[in-house]
Amino acid sequence: MRRLSLLIALLAIPHVHSQSPLKKQALMSTFVGTGELGYSGDGGPALKAKLHDPFHCEVDHRGNLYFCDALNHAVRKVDLTTGVVTAVAGNGKKGHTGDGGKATDATMNEPYAVVVDKDDHLYIADRLNAAIRKVDGKTGVITTIVGKVGAKGPSADNLTATEATLVEPNDVCFDGKGGLLIADVGDWKVRRLDLKTGKLGTFAGIGKAKGKANRNDGGKATEAVIVGARAVCVDGLGNTYICEREGSSIRKVDKDGIIRTIGGTGARGYAGDDDNAKRAVFDAPKGIRCDHLGHIYVVDCENHAIRRIDARSNIVRTIAGGQKGKGGDGMPAPFAGMDRPHGCCIDKEGNLYIADTNNHRIRLAKVRIPDDYRHGPDSVKQDGVPEGKIEKFTHTSKIFDKTTREWAIYVPAQYDPKEPACLMVFQDGSSYMNPKGAYRVPIVFDNLIHKKLMPVTIAVFVDPGVVKEAKPEIKNRSFEYDTLSDQYVTFLEKEILPQVTKLYAIKKDAASRAIAGASSGGICAFTAAWQRPDLFGKVLSHIGSFANIRNGDVYPGLIRKTPKKDIRVFLQDGENDLDNDHGNWWLGNLQMDKSLAYMGYDYKFVAGDGPHSGKHGGAILPESLQWLWRTSDAVAPMPVPKKPKK
């Protein structure tokens, strides 16, 4: 069923004005290895190297990819700039020798995982030696820092690590607090090495359970049973994730040490994509890593898949593989074959490296990290670009009785009193005006006007009113923004804009005037133009609240039954937007999208995967403004959707 749904999704491409994540599927490729079992290729191109069961991979801060070539008993490195592969630890023979000498002369016994610190030291889970080995980043000398040669088994806490023993360490990761976490799958524990004191303790787990396991969800991680601690990672936000091999589950330990199950029912199988990960079924997952935004990547080994759990929604989805095989290079990653992958890692650019173990390769899929929206150069101050000036005011309203508000005017450096400027009004003005916030409007205006990518435009930033006399203070935002009437646009026309036009020359035609806002400010902007298309001819709505806060959900139907108005509309929203008793923001914006298309409006809807925030809208603000202000002499217009034939 998953394959069929993916095929249907790929075929059902949305209309031109929607930007769906389905349009940009990650393509699979081979990054290291010929696919032939063996050991060769050091000093040459990574694609010509032979591997034998790679089990884990890791990208360091210098742009190198490390991987454990497990059954070659070696750790190897690929320079991501040159593509050359070299050996960094292990001579290819099985054993536990070489401590105090060069790492490339040492023997290991199925190294399973490797991590690299900021000083280029390597920490290796030497699985069948029940040891953690360290390679000095400067000297290349290898030592055993956890475990004793020839000994294995459970050991007490607070022992010097070289006197302690492990059972079967399968994974390592830094905890960001001066410790190295060790997933000891054979001991059903996650151990912690204090890198300063050299003492070994326990981070999670009480060891193998006798009888029914007490998972202790909602309790302390140190009192819970971890059913096969196969892998471990941290998200940089204080959370640690543990992959249970025998438990086929994903556990989360928060910053307070409380453990909960976030993925898996405990059964083995393959189910639950596009649903809450708690209801999903995994099959003996072998690896886990987080990206820089905290999303969790699970190596679902026996399902031959990489599955991602969204950190915000906890929705799980297969992003690579899902069927056993060797093929799929050049195809969307969810259609590619893999054979029992055991590890993965992902960098900030969305390069997902996968240790495709039984195919003896490292695979690469370029994926889009959810909600990874970043400001471009037009949202950053640039040398040589003149800056506009900002004037701030306080206003007491008569239309919204007893309310006061802060507001401001931005005037671009290119403004000429002899040439009336265009106008753009922003609701929640302080947020849009903030030079370090999501939108950074003055900076964006400076850059775009300087490059003549939008007309000379004066911006007006208006905050919602408050009744300061009331105890407690009354915030009037929802009443002003969510009400479907002409009261707010009349307030702008009668009280705010006259103050602007006393100071500056403003064009009077609606096509030269735009209005913008986010959330309730977004529906407010649309309402203003809807009520007075003679006053505002352009609308920019970010994560607009087209929901039943104050009957805003009627707009999609109203648009279809009302003669088309002369307004241009830009909408942005994310599929992880709010879903509450007022409605579903994402569905509300999709309905707006379809209704505007049906009526043939000049509009654009940019869909993403973000939550209710300004991150996506702020990242695309320069492009949004160029589209909104386009003319025949500037940005090429988007095709206008045609009304479907009946």
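As a reminder, the structure under discussion sits directly above these lines.
This write-up is about the structure you can find in this document. Since this is a predicted model, take the numbers as computed values, not measurements.

## Describing empty space enclosed by the protein
Okay, so step 1: The full count for this structure, using the stated rule, is one cavity of 30 Å³ or more.
Okay, so step 2: By volume, the largest cavity amounts to about 80 Å³.
Okay, so step 3: Taken together, 15 residues make up the lining of the largest cavity; nearest its centre are H56, D171, K286, G287 and H342.
Okay, so step 4: When contributions to the lining of the largest cavity are tallied by element, the ones reaching two or more residues are strand 2 (54-59), strand 6 (111-116), strand 11 (169-174), strand 15 (229-234), strand 20 (287-290) and strand 26 (343-346).
Okay, so step 5: Looking at which element gives the most residues to the lining of the largest cavity, the answer is strand 20, with three residues.

## A few points about the packing of helix 3 (residues 441-450) against helix 10 (residues 621-628)
For any two helices packed against each other, one specifies the crossing angle of their axes together with the interaxial distance.
Okay, so step 1: Close contact between helix 3 and helix 10 brings their axes to 10 Å; oriented N to C, the two are set at 55°. In terms of orientation, helix 3 and helix 10 fall into the oblique class. Judged by the twist between their axes, the crossing of helix 3 over helix 10 is right-handed. Of helix 10, the residues touching helix 3 (which contributes V441, V444, F445 and L448) are L621, P622, L625 and Q626.
Okay, so step 2: Of the residues that constitute the contact of helix 3 with helix 10, the class distribution is seven nonpolar, one polar and no charged.

## Concerning the layout of surface pockets
Okay, so step 1: Quantified by volume, the second largest pocket comes out at close to 1200 Å³.
Okay, so step 2: Lining of the second largest pocket is provided by 40 residues; of these, E58, V116, C173, F174 and V234 occupy positions nearest its centre.
Okay, so step 3: Here the lining of the second largest pocket is composed, by residue class, of 16 nonpolar, nine polar and 15 charged.

## Details of the nonpolar core
Okay, so step 1: With 47 residues, the main nonpolar core has V425, V462, L492, F526 and F536 as its most contacted residues.
Okay, so step 2: Apart from the residues lying within four places of it in its own chain, the contact partners of F526 are V539, F546, Y555, I559, I567, V569 and M592.
Okay, so step 3: In terms of nonpolar packing, the next biggest core, distinct from the first, is built from 29 residues, A408, I449, I543 and W629 among them.

## Section: the sheet that holds strand 16 (residues 240-244)
Okay, so step 1: The antiparallel open sheet is built from four strands, whose spatial order is 15-16-17-18. Looking along the sheet, the strands with just one partner apiece sit at the ends: strand 15 and strand 18 (259-263). Ignoring which end each strand starts from, the neighbouring axes of this sheet average 30° apart.

## Things to note about the packing of aromatic side chains
Okay, so step 1: In the structure shown here, the tally under the stated rule is 22 aromatic pairs.
Okay, so step 2: Ring geometry for Y123 against F174: centres 5.4 Å apart, planes inclined by 90°, an arrangement best described as edge-to-face. Of the two residues, Y123 is situated in strand 7 (residues 122-126) and F174 in strand 11; the sequence distance between them amounts to 51 residues.
Okay, so step 3: Under the relative-accessibility criterion, Y123 is labelled buried at 5%.
Okay, so step 4: Between F546 and Y555 the ring centres are 6.4 Å apart and the planes differ by 75°, which places this aromatic pair in the edge-to-face class. In this pair, the class of F546 matches that of Y555, namely buried.
Okay, so step 5: A network of ring pairs unites the aromatic residues Y410, F426, Y432, Y439, F445 and F461 as a single cluster.
Okay, so step 6: Positioned above the aromatic ring of Y39 is the side chain of R76, whose terminal nitrogen or guanidinium carbon lies 4.1 Å from the ring centre.
Okay, so step 7: It is R560 that lies over the ring of Y598; its NZ or CZ is 4.9 Å from the centre.

Conventions and cut-offs
Residues numbered from 1 in each chain as written. Predicted model: local features only at pLDDT ≥ 70, side-chain atom pairs only at ≥ 80, totals over all residues. Heavy atoms only, no water. 1 Å grid on protein atoms, 1.4 Å probe; cavity = no way out; pocket = protein on both sides within 12 Å on 5 of 7 lines; lining within 4 Å. Points joined across faces, edges and corners; volume = space filled by probe spheres on them. Helix = DSSP H or I, 4+ residues; strand = E, 2+ residues; numbered from the N terminus. Axes fitted to C-alpha atoms, helices over the stretch in contact; angles between N-to-C directions. Parallel < 35°, antiparallel > 145°, perpendicular 65-115°, else oblique. Left-handed = near helix turned anticlockwise from the far one by under 90°. Contact = heavy atoms within 4.5 Å. Nonpolar A, V, L, I, M, F, W, Y, C, P; charged D, E, K, R; others polar. Core = buried A, V, L, I, M, F, W, Y, C linked by side-chain atoms within 4.5 Å. Buried < 20%, exposed > 50% of the residue type's maximum accessible area, 1.4 Å probe, protein only. Pairing = 2+ DSSP bridges. Phe/Tyr/Trp six-rings, centres within 6.5 Å; stacked < 30°, edge-to-face > 60°. Lys NZ or Arg CZ within 6 Å of the ring centre and 35° of its normal.

Shape descriptors only; they carry no functional weight alone.
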